[in-house]
Amino acid sequence: MIKMKSFLMAFIVLLSAILSGCSLPGLAGAGKNSIAVGTMGTSESQIMGNVVRLMIEHYTDAKVEMVNNLGSSIVQHQAMMNGDVDITATRYTGTDLAGALGMEPVKDPKEALEIVQREFEKQFDQTWFDSYGFANSYAFTVKKEMAEKENLETVSDLEPLVDDLKLGVDNAWLKRKGDGYEGFVKEYGFEFGKTFPMQIGLVYQAAADGKMDVVLAYTTDGRIKAFDLKVLEDDKHFFPPYDTSLVARNDLLEKHPELRGILQKLSGKISTEKMQELNYEADGKMKEPAIVAEEFLKENNYFEEE
């Protein structure tokens, strides 16, 4: 009889949570006894999510739960708004300017960061921290051997060669409005001889094998270093900035005021080149993101001198 009553009570609690729209265990919001850190499915997001988790666990006695594989920045944002997660570990200025804020792209990185910091505070009662120090942006990339031979440093340096060059890009970018191929041609004033749409994960190998002369990559992808590729400077600042930061709910920071200083220790500490290395540890060497994060923090003594 007691077991039956316990079962009924548990069922009632579960049903009440569902009907009221409250979060269930596993998505621990700020009202719970643990801190929930949300990440997307990429190695980068999961590495940084574990960096955030380990920093909190190193400096406090708080319990931290990971909420992994949130499908997109919009899903992350909704989880924050619902209180299902307290911190999202990888938010990108250019992405959230267009997505969460519905604003036009901003080319200046400092201005973009100032806008998202101001608007997230005002509209969502959330704190957008200063950048980790890296940006995961689009970038035109070539083999280092080709860059040295043709003296290539910037995207504009490609113009004299462009008629004979094969460009490999993901199909979505070719059709993308604003910062897609059409906008690129308008900004830089030239087109590539041939363009080849392909999956983004294949472009690095295609460049390394010489099947493509130029590929559009992501600046923090570890395969850039692994395949000895060179990122060309976007000298006309065509692509919006995608500086990366963590975002925290203000009710969490009010409940745990020590977290602000702890998390701020990460600001400016990870360069784009370092993030490439960390991503390659996960994607190339197949290390668990949690292990990559732990090794990185131990190497830097959890930034205790900061």
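Everything discussed here concerns the structure shown above.
Residues numbered from 1 in each chain as written. Predicted model: local features only at pLDDT ≥ 70, side-chain atom pairs only at ≥ 80, totals over all residues. Heavy atoms only, no water.

Chemist: Which residues make up the packing of helix H13 (residues 272–283) against helix H14 (residues 289–299), and what values do they have?
Modeler: In contact at an axis separation of 10 Å, H13 and H14 are set at 140° when each is read in the N-to-C sense. The angle between the axes of H13 and H14 places the two elements in the oblique class. Where H13 abuts H14, its residues Lys274, Leu278, Glu281 and Ala282 lie against Val292, Phe296 and Glu299. Looking at the contact of H13 with H14 residue by residue, the class counts come to four nonpolar, no polar and three charged. (Axes fitted to C-alpha atoms, helices over the stretch in contact; angles between N-to-C directions. Helix = DSSP H or I, 4+ residues; strand = E, 2+ residues; numbered from the N terminus. Parallel < 35°, antiparallel > 145°, perpendicular 65-115°, else oblique. Contact = heavy atoms within 4.5 Å. Nonpolar A, V, L, I, M, F, W, Y, C, P; charged D, E, K, R; others polar.)

Chemist: Outline the sheet that holds strand E7 (residues 194–197), listing residues and values.
Modeler: Ordered by their spatial adjacency, five strands build an open sheet running E7-E6-E8-E5-E9, and the pairing between neighbours is mixed. Strand pairing shows two members of the sheet lacking a second neighbour, E7 and strand E9 (229–231), which therefore form its edges. Strand-to-strand, the axes of this sheet are offset by a mean angle of 35°, without reference to chain direction. One ladder, built from two bridges, connects strand E6 (residues 166–169) with strand E8 (residues 214–218); its direction is parallel. When the sheet's bridge partners are listed, Leu167 is paired in E8 with Val214. (Pairing = 2+ DSSP bridges.)

Chemist: Give me unusual backbone geometry: which residues, what numbers.
Modeler: Phi is positive for His237, close to 50°, though the residue is something other than glycine. Position of His237 among the secondary structure elements: in the loop between E9 and strand E10 (244–249). Of note in this structure, Asn301 is not a glycine but carries a positive phi near 50°. Within the element layout of this structure, Asn301 appears in the segment after H14.

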